[in-house]
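# Observations on the three-dimensional arrangement
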Amino acid sequence: ETIAQFISPLHKAQEDQTNESWVQELTSKMSLNYSKSNRRAPRDIEKFIHSANACRIHVEHLHLHPIRLSLTFTQEWSRRNQETEGFVFFQIIRGMASISEAPLTFTSFVVSHAFESPTSLMGIISAHYSSQLMSQLLSIIGSLAILKAPADFLTNIGSGVFSFFYEPINGLVKGPEEFLQGLEHGTQNLARGIFVGFVKGAANVTDLVTHNLAGLTDDFFVDERNAYHKMMLYGGDYAASNKSIQDSLSIAGACVARGFRSGASGIIEQPSMYASRYGAIGLVKGVGKALVGAVVKPVVGVGDGAVVLMNHVSEATSDKEVVLKIPKRLRRALSAVSSGSSVKISPYDEVSAKAQKIVTGGETVDDAYLGHVQTSTTLFIASSQCLWAIDNKTREPWCIDWAEISNFGFVDGRYMRIDVFSNEGIHSNIYEMSSIQLADLFGLLSMQVEKMGNCSQIGLGFDTSDGSSSSGAMTSKHIPGVKSIQRRHTFGSINKPLKMTTIGITNEKELIRRCRTRVKELDSSMNDYFCRLDEESWLLVNSWGQYFTGLSSRRCVIIGIINGTLEPIQIKSAKLVEGGSLCYFIPSSEYDDIDNILHPGGAILFFGSGAVPSLLQSGRVAISIESNVFLFDLTDQISQYATAYTRPGLRASFLEKSFDKSGWWAKYWILI
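The structure presented is a predicted model; accordingly, all values stated were derived computationally and were not measured.

Glancing now at the overall build of the protein. Counting its regular elements, the protein contains 14 helices and 26 strands. Surface exposure of the protein reaches about 38300 Å², of which carbon and sulfur atoms provide 59%.

In protein chemistry, a disulfide is the covalent bond that joins the sulfur atoms of two cysteines. Summed over all chains, the structure comprises zero disulfides. The cysteine Cys386 is free of any disulfide, with Cys399 supplying the nearest cysteine sulfur at 3.6 Å. For Cys386, a relative accessible area of 13% corresponds to the buried category.

Turning our eyes to something else, we now look at the sheet that holds strand 12 (residues 415-422). Taken together, three strands build an open sheet; the order of strands is 11-12-13 and the sheet is antiparallel. Both edges of this open sheet fall to strand 11 (405-411) and strand 13 (425-432), since each of them pairs with a single strand only. When strand polarity is set aside, the average angle formed by the axes of neighbouring strands in this sheet is 20°. Pairing between strand 11 and strand 12: six bridges, direction antiparallel. When the sheet's bridge partners are listed, Phe410 is paired in strand 12 with Met416. Along the sheet, helix 12 (residues 435-447) makes contact with strand 11 and strand 12, crossing strand 12 at roughly 30°.

Right, let's get into the packing of aromatic side chains. One pass over the full model with this rule turns up 16 aromatic pairs. Ring geometry for Phe106 and Tyr129: centres 5.8 Å apart, planes at 65°, overall edge-to-face. Remark: Tyr129 occurs in helix 5 (residues 118-135) and Phe106 occurs in strand 3 (residues 99-106); sequence separation between them is 23 residues. Take Tyr129: its relative accessible area is 18%, and that puts it in the buried class. On the basis of an interplanar angle of 35° and a centroid distance of 6.0 Å, the ring pair of Tyr529 and Phe530 is categorised as tilted.

Now for the sheet that holds strand 8 (residues 378-383). Spatial strand order, 7-8-9-10: four strands in an open sheet with antiparallel pairing. One side of each edge strand has no neighbouring strand; the edge strands of this open sheet are strand 7 (369-374) and strand 10 (397-401). Mean inter-strand twist for the sheet, computed between neighbouring axes without regard to direction, equals 15°. Pairing of strand 8 with strand 9 (residues 386-391), which is carried by five bridges, proceeds in the antiparallel orientation. Following the sheet pairing, Phe380 is matched in strand 9 by Ala389. Sheet strands touched by helix 11 (residues 350-360): strand 7, strand 8 and strand 9. Its angle to strand 7, the strand with the most contacts, is close to 120°. Packing of helix 12 onto the sheet brings it into contact with strand 7, strand 8 and strand 9, and relative to strand 7 it is tilted by some 160°.

This brings us to the nonpolar core. Ranked by internal contacts, the top residues of the largest apolar core, which has 29 residues, are Phe530, Leu533, Leu540, Ile562, Ile586, Phe607 and Trp669. Setting aside anything within four residues of it in sequence, one finds Phe607 in contact with Ile512, Leu540, Trp544, Cys556, Val557, Ile558, Leu582, Cys583, Tyr584 and Ile623. Residues Ile561, Ile571, Ala574 and Leu634 belong to the second largest nonpolar core, which totals 28 residues.

The buried fraction of strand 21 (residues 603-609) amounts to seven of the seven residues, a majority that puts the element mostly inside the structure. Where burial is concerned, the two faces of strand 21 agree: the one with Ala603, Leu605, Phe607 and Ser609 and the one with Ile604, Phe606 and Gly608 are both buried. As defined by bridge partners, strand 18 (residues 584-587) adjoins strand 21 across four bridges and the pair is classed as antiparallel. Residue pairing in the sheet places Phe585 in a bridge with Phe606 of strand 21.

Overall, the coordinates contain 16 salt bridges when judged by the stated rule. In this structure, the salt-bridge partner of Asp419 is Arg417, at a minimum N-O distance of 3.1 Å. On the basis of relative accessible area, Arg417 is assigned to the buried category, the value being 18%. Of the charged contacts in the structure, one is a salt bridge between Glu510 and Arg513, with a shortest N-O distance of 2.7 Å. Taken as a pair, Glu510 and Arg513 lie in helix 13 (residues 508-519) at a separation of three residues, close to a single helical turn.

A few words now on the environment of Gly253. Here Gly253 lies in helix 10 (residues 245-317). Here Gly253 falls in the partly exposed class, since its relative accessible area comes to 35%. Separated by 49 residues in sequence, Gly253 and Val302 place their C-alpha atoms 8.5 Å apart.

Along its 12 residues, helix 13 runs 17 Å from first to last C-alpha, staying within 8% of the 16 Å computed at 1.5 Å per residue. Among the residues making up helix 13, those that are buried are Glu508, Glu510, Leu511, Ile512, Cys515 and Val519. Contacts from the buried residues of helix 13 go to helix 14 (529-547), strand 18 and strand 21.

We now examine the packing of helix 13 against helix 14. Two elements in contact, helix 13 and helix 14, have axes separated by 11 Å at closest approach and are oriented at 165°. Here helix 13 is positioned roughly antiparallel relative to helix 14, judged by the angle of their axes. Judged by the twist between their axes, the crossing of helix 13 over helix 14 is right-handed. Residue-level contacts link Glu508, Leu511, Ile512, Cys515, Arg518 and Val519 of helix 13 to Leu533, Glu536, Leu539, Leu540, Ser543, Trp544 and Tyr547 of helix 14. Of the residues belonging to the contact of helix 13 with helix 14, the class tally is nine nonpolar, one polar and three charged.

Turning our attention to the confidence of the model for the protein. Averaged over every residue, the pLDDT of the protein is 80; residues scoring 70 or more account for 79%. Least confident of the elements in the protein is strand 14 (residues 473-474), whose mean pLDDT is 56; most confident is strand 21, at 95. Here residues 456-471 is modelled with pLDDT under 50, and outside its nearest four sequence neighbours on either side it reaches 37 contacts, counting other chains as well.

Here we take up unusual backbone geometry. At His113, a residue that is not glycine, the phi angle is positive and equals roughly 55°. Position of His113 among the secondary structure elements: in strand 4 (residues 109-116). Assessed through its relative accessible area of 56%, His113 is described here as exposed. Backbone geometry at Arg395 places phi at a positive 60°, although glycine is not the residue there. As for its position among the elements, Arg395 is in the loop between strand 9 and strand 10. Residue Arg395 is classed as partly exposed on the basis of its relative accessible area, which comes to 47%.

Before going further, it helps to spend a moment on a nonpolar patch on the surface. On the surface, Val161, Phe165 and Ile169 cluster together into a nonpolar patch covering about 290 Å² of accessible area. Mapped onto the elements, Val161 comes out in helix 7 (residues 145-174).

What counts as what
- Residues numbered from 1 in each chain as written.
- Predicted model: local features only at pLDDT ≥ 70, side-chain atom pairs only at ≥ 80, totals over all residues.
- Heavy atoms only, no water.
- Helix = DSSP H or I, 4+ residues; strand = E, 2+ residues; numbered from the N terminus.
- Areas by Shrake-Rupley, 256 points an atom, 1.4 Å probe, with all protein chains shown as cover.
- Disulfide = S-S within 2.5 Å.
- Buried < 20%, exposed > 50% of the residue type's maximum accessible area, 1.4 Å probe, protein only.
- Pairing = 2+ DSSP bridges.
- Axes fitted to C-alpha atoms, helices over the stretch in contact; angles between N-to-C directions.
- Contact = heavy atoms within 4.5 Å.
- Phe/Tyr/Trp six-rings, centres within 6.5 Å; stacked < 30°, edge-to-face > 60°.
- Core = buried A, V, L, I, M, F, W, Y, C linked by side-chain atoms within 4.5 Å.
- Salt bridge = Lys/Arg side-chain N within 4 Å of Asp/Glu carboxyl O.
- Expected span 1.5 Å × (residues − 1).
- Parallel < 35°, antiparallel > 145°, perpendicular 65-115°, else oblique.
- Left-handed = near helix turned anticlockwise from the far one by under 90°.
- Nonpolar A, V, L, I, M, F, W, Y, C, P; charged D, E, K, R; others polar.
- pLDDT = per-residue confidence, 0-100.
- Patch = residues over 30% accessible without salt bridge, like charges linked within 9 Å, V, L, I, M, F, W, Y side chains within 5 Å.

Here is the structure:
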C-alpha cells in the first residue's frame, strides 16, 4: 500500500502529459526528504541482508547425526614458547584446569529443502550446537579432575544409600518375604557402594598425586610414562574385558619396575648428559635431577601400580558393567600433499589407518604419517622421520632414516631404485611396480628429499651401465679436475676389520703422521686414486680402534673431501665443536699447505676423536669445516643437526656415510 501511494504521482503523470510542473515539485520534494542519512538502513543491516541473500544454495536433505563425546583434557607443564605468548587462545588453554571424562551429548540436526546462503546456514547450525554446549557447562565443571575423586565417592555412596531404602520398600509392596530379600540386597548394595567409593576415590587421588610428582622428573620419564599408559589403554591385557588379577598384578609390577629402573639409570645418565651439554653448571643441575628422580620415580612407579590394582578391585566389586573406552576403529590417517603441513581430507581408509599405527607405534612414538604405496610385494610407508618397506609375505619391516638415504630414481620405467648408506658403502634396493605406483612412491620420496644425504644428486649420472646397482661406484668420467680415468670403486666397500700391528706407535700423533705421509704421495693422475684414498681413510679408523681399545676406547670421525670442480678451494677453518683432540689435516699432494688451497682433483682428510667416555662425559665427536665454497657440520652418529651447505652453483654429494653399529666411528666421503 505504501509503495502504491508512493508511485501514484507517476500514474497521474501518465494521465496528464501536458503538465510538467509537478515533476519538478516532486523531484525537489523527494531530494529534500529522502537524501537524509537517517532515512537509510544501518550499514550492518544492509550487509546482513546482502549476505543472507547472496549465493543461496538449495539443500534437499541435510542430516547431521547425534554426537556423544567423553572429553578428557590433561594440563601438563611445558616450556613457554615466545611465538605463542601474544595469543589469547593459548593463554586461556594454559589457565584451564584438567578435565576427566566430561560427558557431552548433542542431538541431531535435520532439515529438508533448505534454501539459504552458506553463511546463514552455518550460523543456524552453530546456534544449534552452541546452545546445547552452554546447557552442559555444569557437567563439564563437575568433571574437573580435582573434583573427580569426591564426585565418584558421592556417586557410589549415593547409589548404595538409594538402593538401601528403595529395595526394601519395593519388596514391602509385594510381601514380607520380598521385603526381607530387598533389605538384604539393599544392605549389600550399600556396603558395596561404600567400599567401591573409598577404593575408587583412593585410586583417583593416588593417580592425581603421582601425575603431579612425575612432573618433577625429566621429560623422558614423563613421555615414557604417558606412552605406557596409552599402551595399557588401547591394547594388551589391561584393555581386555576379562582380565584377571594376575594380569593386573603383572602390569602393576611392570609399573613399579619401570619406576625403579628409571630412577637408577638416571643417577648415571643425568649428570653425564647435562655435564656434556652445559659444563660444570650442567653437572650440578644433572646431579640435582638425578637425586630428585632417584626418590620420586620409584614413588611414581609404586603409585601407578597401586592405581592399577585399586581400579581392578573396584571394577571387580562393583555391580556396574564396565564399558571399555576402546576406539571403534583406528584413528583416521591424513595423507600429506606437500613437504609442508598441508594434508588431504579423504574418506576413511583402513590401510592408511593401519600404516599410521605402524609409524606411531600405537600412539607411543613421536612420528607422523605422510602416506603409503601398496605394491604386489611391498607396502611402502613414508613418515616424517623414516621410510618403511614391509614385505607382504613375511611382514618383516625395513625402516630407514631419511638421512640414511643417498638418492632414488627410476630404472627402465618399471623399477624404483633406493640407494641407502651403510657401514660398507652405498647399497641399492630395487623394487618392481606399476607406472602409477612408481609415480605415487616418487611423490612421497620427493616430499622428504631435503632430508636425504644427496637430495641434489638424483639423476647425477654416475656410470652404472655394467649392471651394478651401487650409486657409490665412482669413475672420473664426469668429474672435472681428476687427471686420470679411475678404476671403478665403491667408497666404503673395504670397511672390514683388519688385524693391524701398532708396533712403534706411542701416541695418536704417530698414527696421524704415518697416515699423512702415505696420503701425501697420492694424486689424481693415478688410476687407483679413489681406491687408495678410501683405503687410507679406513686404515686410520681401523688402526685407531685397535690402538685405543678396552677402557681407553675413544670415538673418532674421519671426513674425506674431493675437489671435483675446476677451481681451487681454500680451507678457512676446521675445528672440533665437540671432542677430545685436535682436528687433524691429512691432504693429498694437490694441496698447498701454505695458502690452504685444495686444487682441482685434490683430496683432504679431516680427523678428530672424542674423550674417553665416563660418567661426566659421553665422548661424542662433532667437526665443523668451513671453506670459500662449503660449510660442513658432521657428527659421529646419524643426526638431524648434521648439515652440508655449498655455494650456489655447486653441490656436495656424499659418496659414503658410514657409521659403526656400536657407535665408535663415523666415516664420510664427499665430492664437491
